[in-house]
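The primary structure of each chain is shown beneath.
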Amino acid sequence: MVRDDTLYFRVDEGNRAAFKEAEALPPLNYAKKGGTIDLSFWRAPERLFDEPEELVAWARAALAAARRVAAKRERTAPRRRSKPPP
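Residues numbered from 1 in each chain as written. Predicted model: local features only at pLDDT ≥ 70, side-chain atom pairs only at ≥ 80, totals over all residues. Heavy atoms only, no water.

Caption draft 1: Seen up close, the overall build of the chain. Across its full length, the chain holds two helices and four strands. The order of helices and strands in the chain, counted from the N terminus, is β-β-α-β-β-α. Burial status across the chain gives 22% buried among its 86 residues. Summed over its atoms, the accessible surface of the chain is roughly 7000 Å², and 52% of this surface lies on carbon and sulfur atoms. (Helix = DSSP H or I, 4+ residues; strand = E, 2+ residues; numbered from the N terminus. Buried < 20%, exposed > 50% of the residue type's maximum accessible area, 1.4 Å probe, protein only. Areas by Shrake-Rupley, 256 points an atom, 1.4 Å probe, with all protein chains shown as cover.)

Here you go:
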């Protein structure tokens, strides 16, 4: 995800250890009801822009995390019931 010219990677339990370096950088967040909500998107370290192969590895790990999160949401989403015909 890119916001305000900053690259963020999706992080979950599956790739959090690999992204420990990014943990020191500010996560993507937003203000809500007077507080700050941190999202599971961590800022990419600047050094990755000089290391394209490692940048690709981080991007693939982030994409895998996004897919895991999406799959989990699909499994936990309530199923809609069709309305019975009138």
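Caption draft 2: Region of interest: the packing of aromatic side chains. Scanning the entire structure with this criterion turns up three aromatic pairs. Relative to W58, the ring of F9 has its centre 6.0 Å away and its plane inclined at 55°; by these criteria the two rings are tilted. Here F9 is found in strand β2 (residues 6-10), whereas its partner W58 is found in helix α2 (residues 52-76), with 49 residues between them in sequence. Classification of F9 as buried rests on a relative accessible area of 5%. Using a relative accessible area of 7% as the deciding quantity, one classes W58 as buried. Ring centres of F19 and W58 lie 4.5 Å apart, and the angle between their planes is 20°; this geometry places the pair in the stacked category. Within this pair, whereas F19 is found in the loop between β2 and α1 (20-23), its partner W58 is found in helix α2, the two being separated by 39 residues in sequence. Within the aromatic cluster, the residues linked to one another by ring pairs are F9, F19 and W58. (Phe/Tyr/Trp six-rings, centres within 6.5 Å; stacked < 30°, edge-to-face > 60°.)

Caption draft 3: Spotlight on a nonpolar patch on the surface. Among the surface-exposed residues, Y30, I37 and L39 lie close enough to one another that they form a single nonpolar patch of about 220 Å² accessible area. Take L39: it is sitting in strand β4 (residues 35-43). (Patch = residues over 30% accessible without salt bridge, like charges linked within 9 Å, V, L, I, M, F, W, Y side chains within 5 Å. Salt bridge = Lys/Arg side-chain N within 4 Å of Asp/Glu carboxyl O.)

Caption draft 4: Focus on α2. Over its 25 residues, α2 extends 36 Å from the first C-alpha to the last, a length consistent with the 36 Å expected when each residue adds 1.5 Å. Inspection of α2 places W58, A62, A65 and V69 among the buried residues, and these make up the whole buried set. Tucked into the core, α2 has its buried residues touching β2 and α1. (Expected span 1.5 Å × (residues − 1). Contact = heavy atoms within 4.5 Å.)

Caption draft 5: Representation of the pattern of salt bridges. For the structure on display, the rule yields seven salt bridges. Among the ionic pairs, D4 bridges to R3, the shortest N-O distance being 3.9 Å. Take R3: its relative accessible area is 40%, and that puts it in the partly exposed class. E21 is paired through a salt bridge with R47; the nearest N and O atoms lie 2.7 Å apart. Of this pair, E21 sits in helix α1 while R47 sits in the loop between β4 and α2, placing them 26 residues apart in sequence. Put simply, E21, R47, E51 and E54 are held in one network by salt bridges that share partners.

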